[in-house]
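Breakdown of the fold
Single-letter residue listing:
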Amino acid sequence: MKRPLLSLAPLSALCLAAFPSLLLAQRDLKNIPDPTPEIQLASFQVAEGFEVNLFTSDPMIAKPVQINWDSRGRLWIVSSKIYPQIKPGQEAQDEILIIEDTDGDGIADKKTVFADGLLIPTGVLPADGGAYVANSTEVVFMQDTDGDGRADKKEIMLSGFGTEDTHHILHTFRGGPDGMVYMNQSIYIHSHVETPWGVERLLAGGIWHFRPETRELGVLCNGFVNTWGHTFDRWGQSFATDGAYGEGVNYVFPGSAFVATPGAKRMLKGLSPGQPKQCGLAVLSGRHLPEEWRGQMLTNDFRGHRVNRFALSEDGSSYQARQQEDLLWTKHGGFRPIGVEMGPDGAIYIADWYNPIIQHGEVDFRDERRDQTHGRIWRITAKDRAPLAWPDIEGSSIEALLELLRAPEDLTRHHAKQKIRQRGLEEAKPKVDAWVASLDSQDPLRDHLRLEALWTYQSLNFLEAPLLRMVLAASDHRARAAAIRVLYHWHSRLPDSLSLLSTALNDPHPQVRLEAINALRQIGSIEAFGFAMSALDHPMDEQLDFALWRTARELEKTWLPALQASDFQFPNNTQRVFALRAIENPEALKPLVDLLGSAEELDDEVDSILKLIADLGDADDLTSVFAKALGSSGPLQTRSLETLNAASAQRQLKPRGDLSSIANLLDNERESVVSLACQTIGHWKEQDLFSRLTSLAEGAETNEVIATSAIKGMGLFGNQSLTALEDLAQNETQSSARRLRATISILPIDLQKGTRHAVSLLESLREDSPEVQDLWTTTLSIKDGPKALATALQDRTLARTIAYGGLQKANSAGKRADILTKALTKSGNLDSVGQDLTESQMAALIQEVNEQGDPHRGEFIYRRADLQCAVCHALGGAGGKLGPDMISLGASAPMDYIIESLLAPNKKVKEGYHMTTVYTKDDRVLSGFVTLEDDRQLILRDAANQKTTIAKDQVAKKEIASVSMMPPGLTTGLRRDEFIHLVRFLSELGKEGPFKVPPRRLVRRWRVLNFTETIAEPVSKGDQRFYALQDDIKEWIPAYSTVRGVLPVNDIPSKKRWLYLVAPLRFEIEVTTPGEVGIQFNATEGMRAWVGEKEVSLENFVLQAPLETGTHMITLVLDGNAFPKPTLEAELIDLPDSNAAAQLVSGS
Amino acid sequence: MFVRLLPFFLLTQLTATAAISPLEFKDGDRVVFIGNTFIERSQSYGHLETMLTTALADRDLSFRNLGWSGDTVFGDARSYFGPPAEGFERLTKHLDELKPTLIISCYGAVAAFEGEAGLPNFEKGYETLLDMFASTGARIVLMSPPPAENLPSPLPNQEAHNERLAVYRDAIRKLAVARDYGFADTYGALRKAWDQLPHPLTENGIHYTEEGYAAITPFLATALGVSAEPPSISLALPSSEPKVSQGTVSKASPNDKGITLEWQPSHAAPLPLNLQITGLAEGNYAILRGGTQTLAKTTATDLAAGIELVPANHQPHIATLRRAILRKNKLFFHRWRPQNETYLFGFRKHEQGNNAVEISQFEPLIAEQEAKISDLKHPIELTLTLKR
């Protein structure tokens, strides 16, 4: 059904007349919550057993950016009123504040301005008798030497940090257990820092580590968008949260790389994909808190105004995170929790940046709604539990400080070590030695205490080797892992590091092995590499695999020449394949091609070898693949053909010798093989086979898939195919699909003729189709394509649907397609889309959304297939990845931003979602999102989710386009009321209420069966197991749960078979620790379930099955007539007595 | 009118490199400093600029600092999202806007970490950079990086690095000679004077502290061909004819208040004034400025040996001048390297590009400070009274 195009103009014109211009300001004011702290406090909902009080507020403080406690129990606040941008003539006046609660009543009563005159300082860490401060381009160490509370000495520790974006600049200063300062930077920052040891550069996000006394600077991990949280657990492991990339808590280890690492082929994931974006991170510790809370983590969903809580448990070399009930939440729109810390009294402190506006780039820097004056620190305590007394750390002897290392409170132990560090090695060493000697070997805390002592030495910049060996032999693997981390930094200080690490590689615990791989990579010698590779003798997991992969790549220059010179050999094939695959070096390909020769079916190893050959192989390698294409069957055969086609398309390479035997494959019984072979023939320009392609292309008996490929193949012959293609394009007895395909093939050969044929065909069409879409895409990918098509369209008329589809494509191609946009608007008689609303029109629209918008109807519209929202956007991790996850959109974005993003997506583009336009040397122009770029190739993912690989030497120019991946005008097909509901729905997302994604582990990404003619019928009508066996992914299409996490039964395609209304669907579950896994359903009546191909019983609404490590497919078949509920809900649950660790597979 | 007196060791240094083009600051020069951290931080302390501004107050000069931490001849630190070539382009654009007439370029400190192996690459890169500099039409001076300093363990020993720096210094000098550019041997000048300098000069071995910059500034100025010889006045009583090294001085006029001298310095460079008076009766003396403000209390013996009056004593307005220079530098920093460039000028300018107009609003503020600097750079007359 066609819908009337939305026109906002008439209604907004009405509003313009009806409301005075003051309305805009009123609209703004309406969005501004009352900043009175009491009102905010009253709005807080706190977890059972806890209460909250205001510790300090404006005017005592304003705009806290980071908080950290010092050894005297005082709170240091770094505060910026200049953010986001200094005004001309404005003095840099930002401050470091020290706030104290001197009478212990839980309310701050004293403030000292430690420093001022700073420019957007974003990190403060009191340590070493002063404070490290992030001051835009520098890290300074400031001290108060005369005791008046004000800094009077400033030393530049580091400089050269980028400021390309002030919400990304150096931040989140943390003191490590090792005495180092850890600092984060975000995605847009490019830093170039000179140290006396050399220059360190970090381009894009990552976490730095810095040892002040030596000025050594290094990078702990790469990537992240806005890593606004970092903390250490009791055993020194690092965890991070991200304010723009929602995967919850991330486990960070040396050399790990996360989203947006430039040039990274491979990245790690967070522990809770699909989580809201988070800021700040703290481990709950100490005796003030109820026991069951200790060790859990807190982080802030600053968009959703919530303080989230996670329970982490070990899972192989990594962790599992389970979200718990939130600690605090509110609907108060000004509450922006950005920091969370455990305080000296054992209470939890939340830094509230307080601002109704949190966007950086998307909202004008000078927007008056940006709050520059408020800010709060909230204190949360457990009811009926006494606050703790803060020990006198300043005045304590080293002996007393050492005793404090027994404290359960992380903060106490941290400052005790810090204070010993300040006393110096000479004074401290004999006392630490004596303390270590005095430790009771029966003490249950023994391993941890020894580790604390090891860290104390490390803080003193001293490697105490006997103690290190003792901790390496600890019975607790977490202590052993932490000891290896010392070697990661200081392997050169110990002569036998290599042998200690090789022992650690055989450690029974994967966490220790992970640390050992990382440390060996640091050593970097060929021996170290050899040891590291033996990690493959033990079970691997994602983190181990990643660390080893990175090791092989980083050390390539060390081991590959040695391997080639036969100075080094791998002890087995597993290691050899792993290492050679990792480096993707053509010189290393031969041994892998030999392995391919003996392969009989496609497995992961063979698959990745084929990928490598496609990217790197030479003609000889392709000859081997060709042999495989001719001589194998099944998936191996199709992958081989795809490999040949990819190598030819990207690098114009083909196998050696007589290739005519490809013709044999045209008679293959499998459609996919014939189809691929048609294209191969085209790539290779096998002259004798051109006529075979022509007859397939024209043949009435040829199926459409093969005909399409045959036409593509013809086009690849170039000029010589022109006549044949034109004949086909003009042949009225042929289907319009084939004629369009022929036209698409003509376009790159003869643009003028191609566009002429295109217009003739388009004129006759009334319905959009994939072929028409491809026609637009191909035209746009040719340099002069938009112009040529626009010329051909002159004075011609297109159906609105057709023109509209073209317009959407053209809009997303940026400015160069403007000429085509105009032509299509005219030919299709379309109103212009992507309207600019005046301020008063916007105000009126917002009012209408607030008064009349129904978010439930909005969700229904969001889920409608024609809008395609979920194709690109996920909701809580489930859905497309092309655009940002919408999980907390409403809680973070003002409504005008949402409306503008819908109407004119190019105006506001979230970081990481910009298109890149690539101009190739052969005059192609491609736009899309760069999913990978290294020195060899660039992979673009376009708005239709299609990936294109471009060899790097083919790239003539590349530019970041200020264009969104989201095509403008997607909502043009909506009626005004529908648009209003949709906006209301989006603006509710993440806010407290029914449109907040619940933290339960609900199945959100499904596959449902697209019943088409090609799906065979089950032999017996009752054979539902049949569906569990349908693995042809083309027929399984994605479906996503609602925000609440249920799938409407009506959204599951079904088919009437005999007495049943059969609705098959499936989802995936990834098991990382094997064991009994449970899925709870809201109903199981009329439902059968299979795990893989094995049917499982459903008892008490629960599916329970013992699952091995790996990904498992769960297929359900509902009988739509018998299933009692309108929606289906499935939740991953923990079974008593099961150690299994599993997660639901999410994504698109 | 301006007497050039070079310390002995510097004289020998300059003789040794006689093939080098003479260094000269000309009236109307727009001087642009380019380099890595060493240049970048000098803008926040302003010593060299204050020295040059005052010592050459007879000329209209303006200074712009384009130093960038971690930068190389390839423009590594100046690129944002692109390859170093993007940084090189950015520098080209900045120079295009600034239209320098004199470029003082100080590279090599970062490259020196690569040692001999990195030298060919450095030389090649510098040639390309210098071609770009030359295309601006500006005169060019190549400055060698300064030496590194050995600080106590656990900071690294810098001997090997200094050797590498010397190698790079030689290479830079070769480039300067070949292209007939000026050359300032910062490395050589400071190494020669090393033992006389007040250590520590650096924060970490390679980056000079505020005090460090102050201490080395006379040597930097000299290396740039500008005399930084401290002025001196000597009077041998009972003669009433004082001798003066710079400027003019009145006859000593003994009266009931003491002995008064009126000194009109030739420039206000922040250098100590050496005052030597012999032939005084034994005893304690005070030195007053303008007859009222006590600058120093001393003795006849010390005065006979010569005492130093710090610049704040004899040219007190220099502190104000330096503040204006620092303010100007800060404003210019916001002008050429504003925060949030991604949004103001980069690929997200469609979001905040409307605020880019603010950036050019720094221009009049910079001009305001330049006017202040111009007013403050001249020497002021000093009336010194010696009182028993």
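Residues numbered from 1 in each chain as written. Chains lettered and ligands numbered in written order. Predicted model: local features only at pLDDT ≥ 70, side-chain atom pairs only at ≥ 80, totals over all residues. Heavy atoms only, no water.

From N to C terminus, chain A includes 36 helices and 48 strands. Its C-alpha atoms give chain A a radius of gyration of 32 Å, within 12% of the compact-globule value 32 Å for 1148 residues. When the backbone C-alpha atoms are referred to their principal axes, chain A occupies close to 95 × 85 × 65 Å. Considering chain A as a whole, with its 1148 residues, one finds that 62% of them fall into the buried category. (Helix = DSSP H or I, 4+ residues; strand = E, 2+ residues; numbered from the N terminus. Rg over C-alpha atoms; globule rule 2.2 N^0.38 Å. Buried < 20%, exposed > 50% of the residue type's maximum accessible area, 1.4 Å probe, protein only.)

Our focus in this paragraph is the interface of chain A and chain B. At the junction of the two partners, chain A supplies 52 residues and chain B supplies 47 residues. A salt bridge links A:E91 to B:R327; its shortest N-O distance comes to 3.4 Å. The interface formed by chain A and chain B contains 29 residue pairs in polar contact (both at pLDDT 80 or more). For the side of chain A that touches chain B, the elements supplying multiple residues, two or more each, are β10 (153-159), β13 (190-195), β14 (198-203) and β34 (955-964) of chain A. Its residues assigned to classes, the side of chain A that touches chain B shows 15 nonpolar, 21 polar and 16 charged. (Contact = heavy atoms within 4.5 Å. Salt bridge = Lys/Arg side-chain N within 4 Å of Asp/Glu carboxyl O. Polar contact = N/O pair within 3.5 Å; in protein donor to acceptor, adjacent residues only side chain to side chain. Nonpolar A, V, L, I, M, F, W, Y, C, P; charged D, E, K, R; others polar.)

Our next topic: the nonpolar core. Core analysis: the largest hydrophobic core is formed by 228 residues, its most contacted members being A:W559, B:Y126, B:F133 and B:L142. The dominant element in this core, judged by the number of residues it contributes, is helix α9 (residues 477-490) of chain A, at nine residues. Each residue touching B:Y126, except ones within four places of it in the same chain, is listed here: B:V73, B:S105, B:C106, B:Y107, B:L142, B:I172 and B:L175. In this structure, B:I39, B:M51, B:W194 and B:A221 belong to the second largest nonpolar core, which totals 51 residues. (Core = buried A, V, L, I, M, F, W, Y, C linked by side-chain atoms within 4.5 Å.)

Attention now moves to the side chain of A:D476. Residue and element names in this part refer to chain A. Within the secondary structure layout, D476 lies in the loop between α8 (465-472) and α9. The exposure class assigned to D476 is buried, which follows from its relative accessible area of 16%. A polar contact of 2.8 Å, which involves the side chain of D476, links it to the side chain of R478. Residue contacts for D476: discarding those within four places in its chain leaves W235 and D447.

It is worth spelling out the sheet that holds β10(A) at this point. All names here are of chain A. Within the open sheet, the four strands sit side by side as β7-β8-β9-β10. Their pairing is antiparallel. Edge strands, defined here as strands with exactly one partner in the open sheet, are β7 (121-127) and β10. The mean angle between the axes of side-by-side strands here comes to 20 degrees, regardless of whether they run parallel or antiparallel. Looking at chain direction, strand β8 (residues 130-135) and strand β9 (residues 138-143) are connected through five bridges and run antiparallel. Bridged to Y132 within β9 is F141. (Pairing = 2+ DSSP bridges. Axes fitted to C-alpha atoms, helices over the stretch in contact; angles between N-to-C directions.)

Glancing now at unusual backbone geometry. Cis geometry is found at the peptide bond from A:Y83 to A:P84, where omega equals 10 degrees. Position of A:P84 among the secondary structure elements: in the loop between β4 (75-79) and β5 (94-100). The omega torsion of the bond from B:H199 to B:P200 falls at 0 degrees, within 30 degrees of zero and hence cis. The backbone phi angle of A:D795 is positive, close to 60 degrees, even though this residue is not glycine.

What follows covers helix α16 (residues 590-597) of chain A. All names here are of chain A. Those residues of α16 that sit buried are L592, V593, L595 and L596. Summarising the axial view, the buried residues of α16 lie within an arc of 155 degrees, below the 170-degree limit, and thus occupy one face. Exposed and facing more than 90 degrees away from the buried side of α16 are D594 and G597. (Arc of directions from axis to C-beta.)

This part is about the packing of aromatic side chains. Residues and elements named next belong to chain A. Here the structure, examined in full by the defined rule, presents 48 aromatic pairs over all chains. Among the aromatic residues, those joined into a ring-pair cluster are F239, Y251, F253, Y319, F546 and W549. Seen from the ring of W353, K63 lies directly overhead, with NZ or CZ sitting 5.4 Å from the centre. Over the ring of W293 we find R309; its NZ or CZ atom is 3.6 Å from the centre of that ring. (Phe/Tyr/Trp six-rings, centres within 6.5 Å; stacked < 30°, edge-to-face > 60°. Lys NZ or Arg CZ within 6 Å of the ring centre and 35° of its normal.)

Residues and elements named next belong to chain A. Looking at where A619 falls in the secondary structure, it is placed in helix α18 (residues 619-631). By relative accessible area, which is 9% here, A619 ends up buried. When sequence neighbours within four positions are dropped, the list of residues in contact with A619 reads K654, P655 and R656.

A separate point is the pairing of β4(A). A regular strand carries its side chains on alternate faces of the sheet. All names here are of chain A. Where burial is concerned, most of β4 is hidden: five out of the five residues are buried. Neither face of β4 is exposed, since L75, I77 and S79 on one face and W76 and V78 on the opposite face are all buried. Pairing analysis gives five bridges linking strand β3 (residues 64-69) to β4, with the strands arranged antiparallel. Paired with P64 across the two strands is S79, which belongs to β4.

All right, on to helix α14 (residues 556-564) of chain A then. Residues and elements named next belong to chain A. The complete set of buried residues in α14 reads W559, L560, A562 and L563. Projected onto a plane normal to the axis of α14, the buried residues spread over an arc of 165 degrees and lie on a single side. Looking at the buried side of α14, the elements it contacts are α12 (526-533), α13 (542-554) and α15 (573-583). Phi turns positive, to about 60 degrees, at S566, one or two residues after α14.

The next thing to look at is the domain arrangement of chain A. Considered domain by domain, chain A is made up of domain 1 (463-571), domain 2 (839-988) and domain 3 (1005-1144). Each of domain 1 of chain A and domain 2 of chain A was reduced to a C-alpha centroid, and the two centroids are 44 Å apart. (Domains from an automatic or database assignment.)

Now for the packing of helix α24 (residues 736-746) of chain A against helix α25 (residues 751-764) of chain A. Residues and elements named next belong to chain A. Running from amino to carboxyl end, α24 crosses α25 at an angle of 155 degrees, the nearest separation of the two axes being 8 Å. It follows that α24 is roughly antiparallel to α25 by the angle criterion. The way α24 lies across α25 gives a crossing that is left-handed. Across the interface between the two elements, R739, L740, T743 and I746 of α24 pack against K753, G754, H757, A758 and L761 of α25. (Parallel < 35°, antiparallel > 145°, perpendicular 65-115°, else oblique. Left-handed = near helix turned anticlockwise from the far one by under 90°.)

Position of B:H207 among the secondary structure elements: in the loop between α7 (186-193) and α8 (210-223). Side chain to side chain, B:H207 and A:E194 meet in a polar contact 3.1 Å long. Excluding residues that lie within four positions of it along the chain, B:H207 makes contacts with A:E194, B:T37, B:R41, B:L201 and B:T202.

This next bit is on the pairing of strand β45 (residues 1110-1119) of chain A. Residue and element names in this part refer to chain A. Counting buried residues along β45, seven of its ten residues qualify, which places the element largely inside the surrounding structure. Note: strand β39 (residues 1060-1073) against β45, ten bridges, orientation antiparallel. Considered in β45, the bridge of F1067 is made with I1114. In this sheet, β45 lies alongside strand β41 (residues 1087-1091) in antiparallel orientation, the contact comprising five bridges. Pairing of M1087 across the sheet is with L1118, part of β45.

Residues and elements named next belong to chain A. Negative charge collects at one region of the surface, where E600, E601, D603, D604 and E605 lie side by side. Considering the arrangement of structural elements, one finds E600 in the loop between α16 and α17 (604-616). Exposure remark for E600: the relative accessible area of 73% places this residue in the exposed category. (Patch = residues over 30% accessible without salt bridge, like charges linked within 9 Å, V, L, I, M, F, W, Y side chains within 5 Å. Areas by Shrake-Rupley, 256 points an atom, 1.4 Å probe, with all protein chains shown as cover. Lys, Arg positive; Asp, Glu negative; His and termini not counted. Charge placed at Lys NZ, Arg CZ, Asp CG, Glu CD.)

A few words on the domain arrangement of chain B. Note on interface size: it is often stated as the accessible area lost on association of the parts. All names here are of chain B. Under the domain assignment used here, chain B contains domain 1 (8-223) and domain 2 (230-388). Each of domain 1 and domain 2 has a C-alpha centre, and these two points are 25 Å apart. Taken together, the connections running from domain 1 to domain 2 amount to four salt bridges. Summed over the shared surface of domain 1 and domain 2, the number is 14 residue pairs in polar contact (both at pLDDT 80 or more). Listing elements by their share of the side of domain 1 that touches domain 2, those giving two or more residues are α2 (37-45), α3 (47-55), β2 (62-65), α4 (84-98) and α8. Counting residues per element, the side of domain 1 that touches domain 2 draws most heavily on α3, at seven residues. Along the lines of polarity and charge, the residues of the side of domain 1 that touches domain 2 split into eleven nonpolar, eleven polar and nine charged.

The subject of this paragraph is the sheet that holds strand β15 (residues 206-211) of chain A. Either a parallel or an antiparallel arrangement is found when strands of a sheet pair, and the pairing is made through backbone hydrogen bonds. Residue and element names in this part refer to chain A. Taken together, five strands build an open sheet; the order of strands is β11-β12-β15-β16-β20 and the sheet is mixed. Bordering the open sheet on either side are β11 (171-175) and β20 (256-257), each of which pairs with just one other strand. Note: strand β16 (residues 216-222) against β20, two bridges, orientation parallel. Its bridge partner lying in β20, C221 is registered against S256.

Residue and element names in this part refer to chain A. Note that K429 resides in helix α6 (residues 425-438). Taking the C-alpha atoms as reference points, K429 and Y457, separated by 28 residues in sequence, lie 7.9 Å from one another. Residues within four places of K429 in sequence aside, it is in contact with Y457, F462 and E464.

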